[in-house]
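Here are the chains, one letter per residue:
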Amino acid sequence: MLHVHSYAAGRWVAPGSGARTIQSAITGEIIADAGNDTLDVQAMIAYGRDVGGPTLRAMTFHDRARMLKALALHLRDHRQTLYDLSFNSGGTQNDHVIDVDGGIGTMLVYASKGRRELPDNQVFLDGDLEQLGRTGTFMGHHICTPLQGVAVHINAFNFPVWGMLEKLAPTLLGGMPAIIKPATATCYVTEACVRIMLQSGILPDGALQLVSGGIGDMLDHLDCMDVVTFTGSANTALKLRGNANLLKNSVRFTAEQDSLNASVLGPDALPGTPEFDLFIKEVQHEMITKAGQKCTAVRRILVPQSASEATIDALRDRLANVTLGDPHEKNTQMGALVSNAQKFDVLDKAALIGSEATRVFGDPENHAMSDSKGAFLPPMLYHCADPDNAQHVHDTEAFGPVSTIMPYRDLAHACTLLNKGKGSLVASVITRDGDVAREIVMQSAAFHGRLYFNNRDSMAEATGHGAPLPHMVHGGPGRAGGGEELGGVRAVMHYMQRTAIQGSPDIISAIGGQWTPGGSVQTDTPHPFTRTFHEVQIGDTLHTDAREITLDDIEKFAHFTGDLFYGHMDEDAAKANPFFPGRVAHGYLILSFAAGLFVQPDPGPVLANTGLDNLRFMKPVQPGDSINVQLTVKAKTPRNDDYGEVRWHVDVHNQDDDKVAEYELLTMNAF
């Protein structure tokens with residue numbers, strides 16, 4: 001028997017007073033206990049705030065990203081332990097891969113995004129610089145800095161690893177410590193994962209703590225610097241959200257809860273098309289994966305009236321071939337629900353759905369595992385002939401292998417049925433018709449956190465209706481909780497405070513760690529292209545000599561490139577253009593001559609020019625005008641152990657000191 005510990009304020013705490021027993025989903029036998037009512041939750045909060053928080057905030061985003069990568073790779077090396085434990089939760093090996101490998105993969109994505117999309121700094125600059133005064137001496141910018149509290153993550157039973165890691169990765173990347181509270185039914189898997197992470201020595205002290213069992217009065221001790229996230233039932237979310245202390249202190253609270261997700265068979269995707277076969281395959285997959293215990297599983301199946309019978313027949317055929325059994329067996333395609341308590345809850349909810357719909361497949365009293373004491377149920381498919389006058393099919397989630405087919409008359413009717421779910425995490429649409437896709441977006445996107453479209457063109461790469469990806473937002477309005485998780489760097493911002501800063505360019509530069517136009521520059525240094533990544537400094541600036549642009553230059557450039565646009569070649573036509581005084585230089589000629597003015601031609605630390613950002617042309621350059629360049633180091637970002645990216649601010653002026661062009665140049669510079 002497993003004794004599932006908590007990890008609190010730097011030490012492991014065994015089950016004690018208030019411990020609950022945990023049953024095997026396969027046999028119904030007691031396999032573990034967890035919980036301790038004497039946990040010092042105030043000490044846990046203080047340990048996170050005072051020990052973990054300062055250490056994490058002292059690290060840059062890149063430091064934290066490297067930490068996440070190391071942690072993910074360490075977990076990958078020890079994942080077999082997690083697979084082996086997970087069988088007791090009722091899932092198959094494929095289910096465990098989704099949970100364990102999916103969580104590790106999510107952590108690796110955040111490690112990569114942290115290095116590529118966030119600065120090697122503790123401050124994140126959000127959006128563009130704002131000039132608040134006429135002359136540019138008073139500026140504004142939005143910044144994000146880590147909240148100085150703890151993130152309390154209360155997770156669901158169905159994904160004991162992924163559910164933790166998909167929240168933990170952006171939390172740590174944002175610079176906040178976490179207290180994890182997994183659902184008791186599968187907390188033994190989460191505890192094993194936490195042990196692996198802590199024993200690695202990769203995480204700083206106080207960055208991660210674990211509550212196995214109840215959290216006691218922890219929420220009563222949080223304040224405005226803390227965050228609470230929850231995944232689970234709407235009833236529990238309502239209870240937690242309504243905590244008086246959370247309301248009083250405006251503690252950030254995010255919920256991901258009950259969701260009546262739907263899948264729509266487009267009116268063009270009729271039997272005989274690749275899209276129809278794809279639809280049947282995806283619906284069946286969503287019904288049996290994790291025994292339907294997924295917050296993104298398809299609960300409502302919307303099909304054209306003319307395709308109802310064909311859909312029922314096709315799904316019956318696929319479901320009849322599903323092997324229900326002991327998840328240890330390699331040929332088992334669907335295992336057990338997490339517990340008998342969950343099984344009985346699903347049966348109660350299915351009975352409500354059955355009051356408005358006819359069960360057309362799956363007998364809970366007679367199936368391959370009927371004699372088992374485990375929490376086994378077969379896939380159960382219902383057909384609701386009158387979804388307009390039904391209620392339970394649109395507001396009751398049987399969190400198991402239960403789905404209901406509903407016919408729709410036309411696309412407007414399909415959208416009406418979609419929206420009757422009152423908010424979902426995801427709706428999928430199988431169609432190849434762009435007009436169908438756009439109409440569903442216009443009528444129903446507001447009711448869903450994600451819309452997944454698939455057809456023969458994308459199905460080879462598509463990840464599936466029920467797969468939340470770290471790059472995209474996971475969450476939904478209304479019944480789904482109104483929260484948001486994942487979504488790339490967006491998720492990191494949930495654990496940071498957005499603050500508007502105002503001041504001079506030098507003050508903005510000092511705070512943000514990058515040069516601000518109008519700020520002080522350093523010009524008495526060697527040519528910046530002769531200096532390594534570490535030698536060149538923010539604000540280092542080169543002022544070039546001037547170069548005159550002649551009519552001969554313009555004509556040679558035009559004929560050499562083939563760009564014979566009339567504004568460069570025809571004086572009368574150019575004058576008729578409201579933007580030109582006559583013939584003007586090509587914009588790309590200006591860029592080319594600008595590069596010729598500031599480039600240092602000898603071999604050196606500049607390895608490559610990798611692109612231009614934010615290019616703008618402000619004023620035409622005529623034959624006889626001269627241009628000069630101010631080249632300033634704006635920002636630096638390490639990319640690996642050998643080189644880093646330097647972002648240069650480039651201003652191009654004419655002989656009257658009018659700005660004619662500006663852009664940001666990106667180079668890779670050796671260390």
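Everything discussed here concerns the structure shown above.
This structure is a prediction, so every number in the text was calculated from the model and none was measured.

Draft legend 1. Layout of the overall build of the protein chain. Helix and strand content of the protein chain: 20 helices and 28 strands. Overall, the C-alpha framework of the protein chain stretches about 90 × 60 × 45 Å when taken along its three principal axes. The proportion of buried residues among the 671 residues of the protein chain is 55%. Relative to all contacts within the protein chain whose residues are 6 or more apart in sequence, the contacts with residues 24 or more apart total 73%. Looking at the protein chain as shown, the accessible area adds up to about 27900 Å², and 49% of this sits on carbon and sulfur atoms. Considering the protein chain, the positive charge centre built from 54 side chains and the negative charge centre built from 78 side chains are found 4 Å apart.

Draft legend 2. Spotlight on the nonpolar core. With 58 residues, the main nonpolar core has F279, I301, L302, L381 and I440 as its most contacted residues. Top element by residues in this core is helix 9 (residues 274–288). It accounts for 7 residues. The residues contacting L381, other than those within four sequence positions of it, are M287, I301, L315, L319, T358, R359, V360, F361, S403 and I405. Core analysis: the next-biggest nonpolar cluster, separate from the first, contains 55 residues, C144, W162, L173 and C193 among them.

Draft legend 3. Region of the structure containing the layout of surface pockets. Roughly 1300 Å³ of internal volume is contained in the largest pocket. Taken together, 45 residues make up the lining of the largest pocket; nearest its centre are H141, Q514, K634, R647 and E664. Those elements giving two or more residues to the lining of the largest pocket turn out to be helix 4 (93–117), strand 6 (124–131), strand 7 (139–146), helix 16 (505–512), strand 25 (606–617), strand 26 (626–638), strand 27 (643–654) and strand 28 (659–670). Here the element with the most residues in the lining of the largest pocket is strand 6; it accounts for 7 residues. For the lining of the largest pocket, the residue count by class is 13 nonpolar, 16 polar and 16 charged. Roughly 1100 Å³ of internal volume is contained in the second largest pocket. Forming the boundary of the second largest pocket are 49 residues, of which F157, A183, G232, S233 and Q342 lie nearest the centre. Listing elements by their share of the lining of the second largest pocket, those giving two or more residues are strand 4 (20–23), helix 5 (162–173), strand 11 (227–231), helix 7 (234–241) and helix 11 (340–354). Residues of the lining of the second largest pocket, tallied by class, amount to 16 nonpolar, 21 polar and 12 charged.

Draft legend 4. Examining the side chain of T106 more closely. As for its position among the elements, T106 is in helix 4. A relative accessible area of 2% means that T106 is categorised as buried. Residues within four places of T106 in sequence aside, it is in contact with W162, E166, P470 and L486.

Draft legend 5. Fine view of the packing of aromatic side chains. On inspection of all chains with the given rule, the structure shows 7 aromatic pairs. With a centroid separation of 5.7 Å and 65 degrees between ring planes, the pair formed by F159 and W162 is classed as edge-to-face. Considered together, F159 and W162 belong to a single accessibility category, that of buried residues. Centre to centre, the rings of F533 and F671 are 5.2 Å apart; their planes meet at 45 degrees, and the pair counts as tilted. Pair noted here: F533 is in the loop between helix 16 and strand 23 (541–543) and F671 is in the segment after strand 28, with a separation of 138 residues, a long-range link. Accessibility expressed as a relative area gives 4% for F533, which makes it buried. Cation over ring: R195 sits above W12, and NZ or CZ is 3.8 Å from the ring centre. One residue, R547, lies across the ring of F593, its end atom 3.6 Å from the ring centre.

What counts, and at which threshold
Residues numbered from 1 in each chain as written. Predicted model: local features only at pLDDT ≥ 70, side-chain atom pairs only at ≥ 80, totals over all residues. Heavy atoms only, no water. Helix = DSSP H or I, 4+ residues; strand = E, 2+ residues; numbered from the N terminus. Buried < 20%, exposed > 50% of the residue type's maximum accessible area, 1.4 Å probe, protein only. Contact = heavy atoms within 4.5 Å. Areas by Shrake-Rupley, 256 points an atom, 1.4 Å probe, with all protein chains shown as cover. Lys, Arg positive; Asp, Glu negative; His and termini not counted. Charge placed at Lys NZ, Arg CZ, Asp CG, Glu CD. Core = buried A, V, L, I, M, F, W, Y, C linked by side-chain atoms within 4.5 Å. 1 Å grid on protein atoms, 1.4 Å probe; cavity = no way out; pocket = protein on both sides within 12 Å on 5 of 7 lines; lining within 4 Å. Points joined across faces, edges and corners; volume = space filled by probe spheres on them. Nonpolar A, V, L, I, M, F, W, Y, C, P; charged D, E, K, R; others polar. Phe/Tyr/Trp six-rings, centres within 6.5 Å; stacked < 30°, edge-to-face > 60°. Lys NZ or Arg CZ within 6 Å of the ring centre and 35° of its normal.

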